[in-house]
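Examining the three-dimensional arrangement
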Amino acid sequence: MGWMALLFAVPDILLEHRDFYVVNKPAGIGMHQEIPPPGSSENTDNDSNIPGIVRLLSEHLQEPLYPVHRLDKITTGALLLGRNKEATRELSRQFAHRETTKYYLALSDRTQPSKKQGRIVGAMIKGRGGNWRLGRPSPTKRRNTANVATEPTTTMTETKQNPTTQNSMTRFLSTRFESTKQDDDPRKSRSDTVHGSAFRAFLLRPYTGKTHQLRVMLKSIKSPILGDDRYGGTPSDRGYLHAWQLGFHYDGVPITVRAPLTHGQLFLDHAEELEEWASNLLLENPLDP
């Protein structure tokens, strides 16, 4: 995405507070400035650095902003930004101490995962090229192993020696949807559209915040996120992962913010039914540990 395109991708502000904003992050924008690789079409004299969303929104609002947490470049949805260092420090503390609640929506065109609900627990292990993989959970926290994803695996020695292999955990539910929207454009291949086909929707609650955690965990159950080519997803118009609901507290007041589905044709086509499905699920099952 070029500099001029980014100017038109300023996110919607979902909640404005004197000490912070919650915005609906667009797809395709990282958190911080990126420098394109040599030879990239983005790397020109007038467009050599791609601004991240923090700088983009700071310039748009004409005030300094501070990231409280992060979302991947492919991920859309609720993003919390502090307006001063004191508020950012307190809100960041809540994320670090797991005092926040986060719910994500994801779509996959692989409709037969190895498990359709439950827990995924494992050690997030850093691989090559910025990729991550899911290893066996640490033996000190291994319980209810029927609900643990163990593919790919790592040895016990590798787990003890690698400081990045602390256990990560996500609770989730899923359901199969039939896409009723049809696209008759013969010029479009399956890599351009999945309209007219089935997909599986996931409601995910991560209890840890490791890099690429949800993306790796859905790959581990053989349902990689649609559009997530890094982890084996079918090519599409975007990576279908959305930070749908964020809960935290401030000055003793509980705050919950939901980010509408506004990016990606499949999300747009099914926004109402997906959000209704997820809302009804949370009334019955908040995916507690």
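Reference entry: report on the structure contained in this document. (Residues numbered from 1 in each chain as written. Predicted model: local features only at pLDDT ≥ 70, side-chain atom pairs only at ≥ 80, totals over all residues. Heavy atoms only, no water.)

When you line up the elements, His242 lands in strand S10 (residues 241-250). A distance of 2.7 Å separates the side chain of His242 from the side chain of Thr76, its partner in a polar contact. Each residue touching His242, except ones within four places of it in the same chain, is listed here: Asn24, Thr75, Thr76, Gly77, Tyr103, Tyr104, Leu105, Ala259, Pro260, Leu261 and Phe267. (Helix = DSSP H or I, 4+ residues; strand = E, 2+ residues; numbered from the N terminus. Polar contact = N/O pair within 3.5 Å; in protein donor to acceptor, adjacent residues only side chain to side chain. Contact = heavy atoms within 4.5 Å.)

Another point: helix H5 (residues 213-220). Side chains of residues three or four places apart in an α-helix project in the same direction, reflecting 3.6 residues per turn. With seven of eight residues buried, H5 is to be regarded as a mostly interior element. Among all positions of H5, only Gln213, Leu214, Arg215, Val216, Met217, Leu218 and Ser220 are buried. At its buried positions, H5 is contacted by strand S5 (101-108), strand S6 (118-126), strand S7 (132-135), strand S8 (167-178), strand S9 (198-206) and S10. Of the residues one or two after H5, Lys222 is the one with positive phi, at around 65 degrees. (Buried < 20%, exposed > 50% of the residue type's maximum accessible area, 1.4 Å probe, protein only.)

A few words now on the nonpolar core. Within the largest apolar cluster, 51 residues are counted, with the highest numbers of intra-cluster contacts made by Leu107, Leu203, Leu204, Leu274 and Trp277. No other element matches the eight residues that helix H6 (residues 265-284) contributes to this core. Of all hydrophobic cores here, the second largest spans 14 residues; its members include Ala78, Leu80, Tyr250 and Val257. (Core = buried A, V, L, I, M, F, W, Y, C linked by side-chain atoms within 4.5 Å.)

Take unusual backbone geometry next. With glycine set apart, most residues show a phi of negative sign, and most peptide bonds adopt trans. For Lys222, which is not a glycine, the phi torsion comes out positive at approximately 65 degrees. Here Lys222 lies in the loop between H5 and S10. Backbone geometry at Leu287 places phi at a positive 60 degrees, although glycine is not the residue there. Here Leu287 shows up in the segment after H6. Leu287 sits in the buried class, given a relative accessible area of 0%.

What follows covers the pattern of salt bridges. A full pass over the atoms with the stated rule returns 13 salt bridges. Among the ionic pairs, Arg18 bridges to Asp19, the shortest N-O distance being 3.8 Å. In this structure, Arg83 and Glu63 form a salt bridge, with 2.9 Å as the shortest nitrogen-oxygen distance. Taken as a pair, Arg83 in the loop between strand S4 (76-82) and helix H3 (85-96) and Glu63 in the loop between helix H2 (53-61) and strand S3 (66-67) lie far apart in primary sequence, 20 residues in all. Residue classification places Arg83 among the partly exposed residues on the basis of a relative accessible area of 22%. Residue Glu63 is classed as buried on the basis of its relative accessible area, which comes to 17%. Salt bridges linked by common partners bring Arg70, Asp72, Arg215 and Asp228 together as one network. (Salt bridge = Lys/Arg side-chain N within 4 Å of Asp/Glu carboxyl O.)

All quantities given are derived from atomic positions and should not be read as evidence of function.
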